[in-house]
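The chain contents come next:
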Amino acid sequence: MAVYPELQFSMQEVRAAGKRLKDELSLHSAVDCRDAHHVFAVANSWRDSHFFPMRSVYLSAAYRMRKIGIKGDMAARPKRMASIRRKLRESDIHLDRMQDIGGCRAILDDIAGVRSLLAEINDEFPHYDRRQWPYIDTPKDDGYRSHHISFEFCPRKKAQSIFAGRRVEFQIRTRLQHSWATAVEAVSLFNGEDLKHHHGNADWLRLFKLMSGEFAYVEGCPIGPGVPDRPLRIAEIKALETKLDAISTLDNIRTATTYAETYLYGDGKFFLIVYNNVDHTVTVERYSEILQLQARLAIIERQIEEGLTRSKVVTVEVSRVNNLVRTYPNYFGDVGVFLNNLRRIVRGQDALEFTLIQQERVKIARPQPAGDVRNLNRRYTRWYPS
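From a predicted model like this one, the values you see are computed outputs, not experimental measurements.

Rules and cut-offs
- Residues numbered from 1 in each chain as written.
- Predicted model: local features only at pLDDT ≥ 70, side-chain atom pairs only at ≥ 80, totals over all residues.
- Heavy atoms only, no water.
- Salt bridge = Lys/Arg side-chain N within 4 Å of Asp/Glu carboxyl O.
- Helix = DSSP H or I, 4+ residues; strand = E, 2+ residues; numbered from the N terminus.
- Buried < 20%, exposed > 50% of the residue type's maximum accessible area, 1.4 Å probe, protein only.
- Phe/Tyr/Trp six-rings, centres within 6.5 Å; stacked < 30°, edge-to-face > 60°.
- Lys NZ or Arg CZ within 6 Å of the ring centre and 35° of its normal.
- Core = buried A, V, L, I, M, F, W, Y, C linked by side-chain atoms within 4.5 Å.
- Contact = heavy atoms within 4.5 Å.
- Arc of directions from axis to C-beta.
- Pairing = 2+ DSSP bridges.
- Polar contact = N/O pair within 3.5 Å; in protein donor to acceptor, adjacent residues only side chain to side chain.

J.: I'd like a rundown of the pattern of salt bridges, residues and numbers included.
T.: Going through the model one piece at a time under the given rule, you end up with 21 salt bridges. Among the salt bridges present, the one from Arg115 reaches Asp137, with a minimum N-O distance of 3.0 Å. Of this pair, Arg115 sits in helix H5 (residues 111-123) while Asp137 sits in the loop between strand E3 (128-134) and strand E4 (147-152), placing them 22 residues apart in sequence. Among the residues examined, Asp137 registers a relative accessible area of 35% and is labelled partly exposed. In this structure, Arg233 engages Glu214 in a salt bridge whose closest nitrogen and oxygen atoms are separated by 2.9 Å. One end of the pair, Arg233, is in helix H8 (residues 230-244); the other, Glu214, is in helix H7 (residues 202-219), with 19 residues separating them in the sequence. A single burial state applies to Arg233 and to Glu214, both of which are buried. Here the salt bridges share partners, and the residues they tie into one network are Glu214, Arg230, Arg233 and Asp350.

Written out as structure tokens, the structure is:
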């Protein structure tokens, strides 16, 4: 039976740690280091205690997808510590009330699948529905579209009561919407900007907003604010593509990653993805136990906070290993769906509601016999044209 991490500190300590995470934590002296490490130990323990509730939401949603025959992918991941700290700084929310420390995502083939799954969840679900944000029907100003639900974990057994009240955010989106969101993040990584949080090149931000409107048009959904009518929208997309050389940039991102599928062998549905911003490499580690994953994540995030690495790290659970790139393509430079649709629009064609463009993979020999820890790792090497 799997063992899931429990909170090792009091809620008073969690709230205090949340207040401290908003500030810069000094690491200049031994006393400062001990204090900072305690703050992160508390925050990590609080986050890790969401693993079981997150998995419960994940399995409950996946069951309903199978029940009504919806095609799509499911993934689950805890919030990165850097993202937790940014959210605490930029809002008045408290750490113990944050709704998306645990997160699940359903990526479905089309908008009909989204509507069907949402109806099934609204009809009956084992966890308390705190609130919903219908960003598909009312897109954000930047063009972001996805349906969000904040669940509060409801234990079914007495042993699960220690996780009662943990909040998990569930996102439901189409592959087209997902291609938009991951293209934003992939371009951000490639250009060293934070377009997701509206920091970066204004022309790229405008292009993504217009593309969101075009995708909404294709899916028969409401178009967000500040987006012109279709003839003007298409003309502006073409002009911005030319100005940014966007197709070439996206094509460079898409082709910059080659990788060997050594991770296909072995056990475990939990993955740790490390994107190195310096040498543009991606390393994936596979785990069968959440506690192993939790310990490794804590080590890397401590290195990030201490300035020893500029990497980004994320942990992911997927049902099948080949879903890893499909659910988090931004870390692997896979912007093929978005790129293909941008090309179609520039040529005067409609975007396609769902097109999956597979990247070419490097074929390699099978790994060493079981027991060799090197089999847990694989490396993705990015190259950039000179």
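Here the narrative resumes, following the displayed structure.
J.: Before we move on, could you go through the packing of aromatic side chains and cite the residues and values that matter?
T.: Tallied over the entire structure, the rule returns 10 aromatic pairs. Pairing Tyr4 with Phe52 gives two aromatic rings, centres 5.1 Å apart and planes at 70 degrees, and the pair type is edge-to-face. Of this pair, Tyr4 sits in the segment before helix H1 (11-21) while Phe52 sits in helix H3 (residues 51-68), and the two are 48 residues apart along the sequence. For Tyr4, a relative accessible area of 16% corresponds to the buried category. Here a set of aromatic residues connected by ring pairs shows up, and it is made of Tyr135, Tyr144, Trp180, Trp204, Phe208, Phe215 and Phe338. Across the ring face of Tyr135, the terminal group of Lys140 is positioned such that the distance to the ring centre comes to 4.8 Å.

J.: Please give an account of the nonpolar core that cites residues and values.
T.: One finds Leu117, Phe170 and Ile172 to be the most contacted residues of the largest nonpolar core, which totals 40 residues. For this core, the secondary-structure elements that each account for two or more residues are H3, strand E1 (72-78), strand E2 (102-108), H5, E4, strand E5 (167-174), strand E7 (270-276) and helix H10 (290-305). Filtering out sequence-adjacent residues up to four positions away, Ile172 remains in contact with Ala106, Leu108, Val114, Leu117, Leu118, Ile121, Ile136, Ser146, His147 and Ile149. Counting 33 residues, the second-largest nonpolar core is a separate cluster that includes Ala181, Phe190, Trp204 and Val227.

J.: So, H1: which residues are in play, and what are the values?
T.: Inspection of H1 places Val14, Ala17, Gly18 and Leu21 among the buried residues, and these make up the whole buried set. Projected down its long axis, H1 carries its buried residues within an arc of 105 degrees, all on one side. The exposed set on the far side of H1, more than 90 degrees from its buried face, consists of Gln12 and Lys19.

J.: Could you give an account of the pairing of E4, with specific residues and numbers?
T.: Within E4, five of the six residues are buried, which leaves it mostly tucked inside the rest of the structure. Bridge count for E3 against E4 is six bridges, and the pairing is antiparallel. The residue bridging Pro134 from the neighbouring strand is His147, located in E4. Where E4 meets E5, six bridges bridge the pair, whose relative direction is antiparallel. Among the inter-strand pairings, His147 is bridged to a residue of E5, identified as Ile172.

J.: Would you mind going over helix H12 (residues 336-346) in detail, with residue names and values included?
T.: A large share of H12 lies buried, amounting to eight of its 11 residues. Along H12, the positions that sit buried rather than exposed are Gly336, Val337, Phe338, Leu339, Asn341, Leu342, Arg344 and Ile345. Gly348 sits one or two positions beyond H12 and adopts a positive phi of about 90 degrees.

J.: Got a sec to walk through the side chain of Arg47? Specific residues and values, please.
T.: Mapped onto the fold, Arg47 is located in helix H2 (residues 30-48). The class of Arg47 is buried, set by a relative accessible area of 2%. A distance of 2.6 Å separates the side chain of Arg47 from the side chain of Glu301, its partner in a polar contact.

J.: How would you summarise the pairing of strand E8 (residues 281-287) if you had to cite specific residues and measurements?
T.: Among the seven residues of E8, seven are classified as buried, and the element is accordingly described as predominantly covered. Side-chain alternation along E8 places Thr281, Thr283, Glu285 and Tyr287 on one buried face and Val282, Val284 and Arg286 on a second face that is also buried. Relative to E8, E7 runs antiparallel, the two sharing seven bridges. Bridging from a neighbouring strand, Ile273 pairs with Val284 of E8.

J.: Give me the lowdown on the environment of Arg173, citing residues and values where you can.
T.: Assignment of secondary structure puts Arg173 in strand E5. When the C-alpha atoms of Arg173 and Arg105 are compared, they prove to be 7.9 Å apart, with 68 residues separating the residues in sequence. For Arg173, the residues in contact, after removing those within four places along its chain, are Arg105, Ala106, Ile107, Leu108, Val114, Tyr144, Ser146, His178 and Ala181. A distance of 3.1 Å separates a polar atom in the side chain of Arg173 from a polar atom in the side chain of Gln171.

Bear in mind that shape data such as this cannot, by itself, settle questions of function.
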